[in-house]
Each structure stands twice: as structure tokens, then as C-alpha cells.
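Topology and contacts: notes
Spelled out, the chains give:
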Amino acid sequence: MEENKNIFKVFDFITARVPIIEEQPQYNARTPWVFYGIANLAPQELIRLYNTSPTHRACVMSKWYGVRGESITLKDGDDQRLMMANSLGESVYDLWQKATLDFILYGAFSINVVWKRDRELGFEMYAMDTSKLRAERANIDDHIENYFYSSDWGFPKKFVPRPIPSFNVKNELPSQVFYYTTHSPGNEYYATPSYWGGATAVATEMEVYNWWHSNIINGLNPSLFVSLNSGIPGPEEREQIYNTLTAKYSSSNSPGKLMLTFANSKEEAPEITTIAPNGSDKMWLEMSNAVQQAILTSHQISSPELLGIQTPGRLGTPNHLEAQDHFNRLVIQPIQEEIKRVFEKLLLLRDRKPADIQIKQFNMVSIPDQAPVETVDVKKEEIVGIDKQENITE
């Protein structure tokens, strides 16, 4: 007599992949460039998060609008120096806009400096896609002599990286890379974005929306149940019956699902049991609010209304100006000053003349004008008062 045995099988759940953006100089030492993140695709991971998290993208765009400003000028009025940055007709402000976005998104930006034949005439400047650059391993003096450029680092054998020397006024090669980044503790070659403390929250928000979307697409209960109890046909006949029923009962106005079963008799028909919802949708809603707040905190944004996000339960916006002032002073202006010093240095090297860049600020919040104040003619009031007094005395 055979014994009945319970068979258990353990299934491993998928481990959540927390984004890792860090340089890996010890990985794949055979390449002359230093790996940046997993599979050397850290910037591409940052782009993916930027394109899939609505709150994170709104934060980046709001910071970018604030940092780039409406325009830039020179304090001495010689704005002709800002008109032509290169032979393509781009202005310095065009490069400024691209550099500010890269700096906010990656924590770094890069400029392609192309010296003229007569170096006394300076050089041209072109914007470079920072995500396509990788640093060469530093020399014995801890200097990075070259950067490698590839149009697609996911396929370096197909899109072979080519070296471009780093910016050096003593280097005779005309095309060079000016790569700028702030100091990141623990990093020698690459930057860490300022918002990276909230990277897990950014990835979580993306998964929350994926969960909602998947439930809408795949979580609908069947709207039509058909049980054929006249025997079990062959595979081809079963497929033909299913296609016939689907073609007859489904349409764009009827997006439900069809469940079809076969059995030899009603007694052998399957039993359908509906699993009640576990209320996880409320948990996801609460998690979404917490994740959004974490993303705003990582970007140092105190009020979501600066991003155009309405706060439930608030009827008015009395703290708009205070929130904007906080955002400008603690977030926008420090980034502006840092990038401003870099561009002033480049203009000094190009024109051999100091530059003081002035930024026309972009007002993120506009407050409606107050109601007009009615003016009173004081002399007329005095005259009216005198007449009234005379009438009373009479």
C-alpha cells in the first residue's frame, strides 16, 4: 500500500534590485576605462529612473528651469562674447542649458573644447552627452589623461569607444574634453547625483505604478464562463472552439476575459473559487504618498506645489513665496554659482578676459496682484469736513 506524502517545494521570490550608481575600478581591469555602475551603465540607469518616475522627473525639470534661468548676460555689457560658442551657431546659453540639466541629472557635465589652429584666437565649445563618457584609469599622478566616448556603452564591441584627451592647455591635440563634477566621497572618477539618497524611493514609485498598471491589464475577472460537458476534445479542436467563442463575444467595448473548460460530465466540471481582494490597494496608496514625500526630500523641495502637485486638504497657497524663496536659496542658487564659476573660467581661457555672468532668474511661482487701493484726496476731505462743521454749528 502506497503512503500518501505531502510534497513541498520552496519558491524563491524575486529580490528587489536597488539601483547602484558607483564607480568600479576593480572590475574588469582589462579595459582602459573605469566601469561606472553595474555593467558600466550607471548613467543609463539614471536616465531610466528619470523617464519612469513622474515625481522624480518633475523635481529634475523644476530644478532645471530654476537653475538655467531665463537668460544669461555679462555684467560689463559685452554680451557679444556669449553669442557664438561654436561654428554651429550655438550660443553660450545653449551650452549652459544642456550643462545644467546634465549636472542635475548626473552630478556632472562635459564640454568638448576644440582649439583653433591659432591658439591665440581661443577655442570653440560644444556640448557633450555626459552619459556617453567613461574615464580612463588615472596615471601615477592621479590625473585622468583621457575620456572614452561611445554612442552605446551597452555594446562596446559594436560601438567601439574612442579616447579623447582631457582638457589641458598644454596638450597639442585640438579636441579635448572638459569634464566637471563635484567631489563625491568615496569616488575618484565619477559623480553621485545630489538626490541619490532617494534613489530607492524613485525606483519604488516606478514599481508602484507598474503594479497598478499590471492589475488593470491582467487582474480583471473573466466576464464569461463556458463549460462544455460533452467530453474533452483534442488540442486543435479546443483551440478552434476557443477562437470561435472569442470572436463572437469579444470586442473593444467588451474587454472582459473568457474562461473555457471541458469535462466528460457535469460531475467532473471544475469548481471555480473567487479569491477576495486583500485590501492591498490601500497599502499601495499609502506607500505612494510616503514615496513621493521621500523623493521631494531627496531633492530638497519643501512644497510639492512648486512642482504643480496639489496638496489634498489645502484650500489656498499662502506659503508660495516662502517655499519659493527657500527653494531658490538652498537649491537653485548654490548650483547656479557652481556652474557659473566653471563657465566664467572657460570664457577667461577662451577670450583671455575675465567674465562675470549675470543670471536672469526664472520665477517658478507667480502671485496674483493685490486688489487696487482706493486713493483719497486729503484736501477734499478737509474741505468736506469744514462744510459739515459749519452746517452743524448753524
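Residues numbered from 1 in each chain as written. Predicted model: local features only at pLDDT ≥ 70, side-chain atom pairs only at ≥ 80, totals over all residues. Heavy atoms only, no water.

Observations concerning the confidence of the model for the protein
When the pLDDT values of the protein are averaged, the result is 80; 74% of them are 70 or greater. Predicted confidence is poor over residues 1-8, with pLDDT under 50, and the contacts of this stretch with residues over four places away or in other chains come to 0 contacts. A low-confidence stretch, residues 380-394 stays under pLDDT 50, and its non-local contacts, those more than four residues away or across chains, total 1 contact. (pLDDT = per-residue confidence, 0-100. Contact = heavy atoms within 4.5 Å.)

Considerations on the layout of surface pockets
Of the volumes computed, that of the largest pocket is approximately 370 Å³. Mapped by element, the contributors of at least two residues to the lining of the largest pocket are β9 (175-181) and α7 (320-351). The element best represented in the lining of the largest pocket is β9, accounting for 5 residues. Tallied by class, the residues present in the lining of the largest pocket amount to 10 nonpolar, 6 polar and 2 charged. (1 Å grid on protein atoms, 1.4 Å probe; cavity = no way out; pocket = protein on both sides within 12 Å on 5 of 7 lines; lining within 4 Å. Points joined across faces, edges and corners; volume = space filled by probe spheres on them. Helix = DSSP H or I, 4+ residues; strand = E, 2+ residues; numbered from the N terminus. Nonpolar A, V, L, I, M, F, W, Y, C, P; charged D, E, K, R; others polar.)

A closer look at the pattern of salt bridges
Scanning the entire structure with this criterion turns up 9 salt bridges. Across the salt bridge formed by R48 and E45, the nearest N and O atoms sit 2.7 Å from each other. Taken together, the residues R48 and E45, both in helix α1 (residues 42-52) and 3 residues apart, mark about one turn of the helix. Of the residues examined, R48 reaches a relative accessible area of 28% and is grouped as partly exposed. Since its relative accessible area comes to 12%, E45 is described here as buried. The salt bridge involving K353 is made with D78; its shortest N-O contact spans 3.4 Å. Here D78 lies in the loop between β3 (71-74) and α3 (92-106) and K353 lies in the loop between α7 and β12 (357-360), a separation of 275 residues in the sequence. Exposure remark for D78: the relative accessible area of 25% places this residue in the partly exposed category. (Salt bridge = Lys/Arg side-chain N within 4 Å of Asp/Glu carboxyl O. Buried < 20%, exposed > 50% of the residue type's maximum accessible area, 1.4 Å probe, protein only.)

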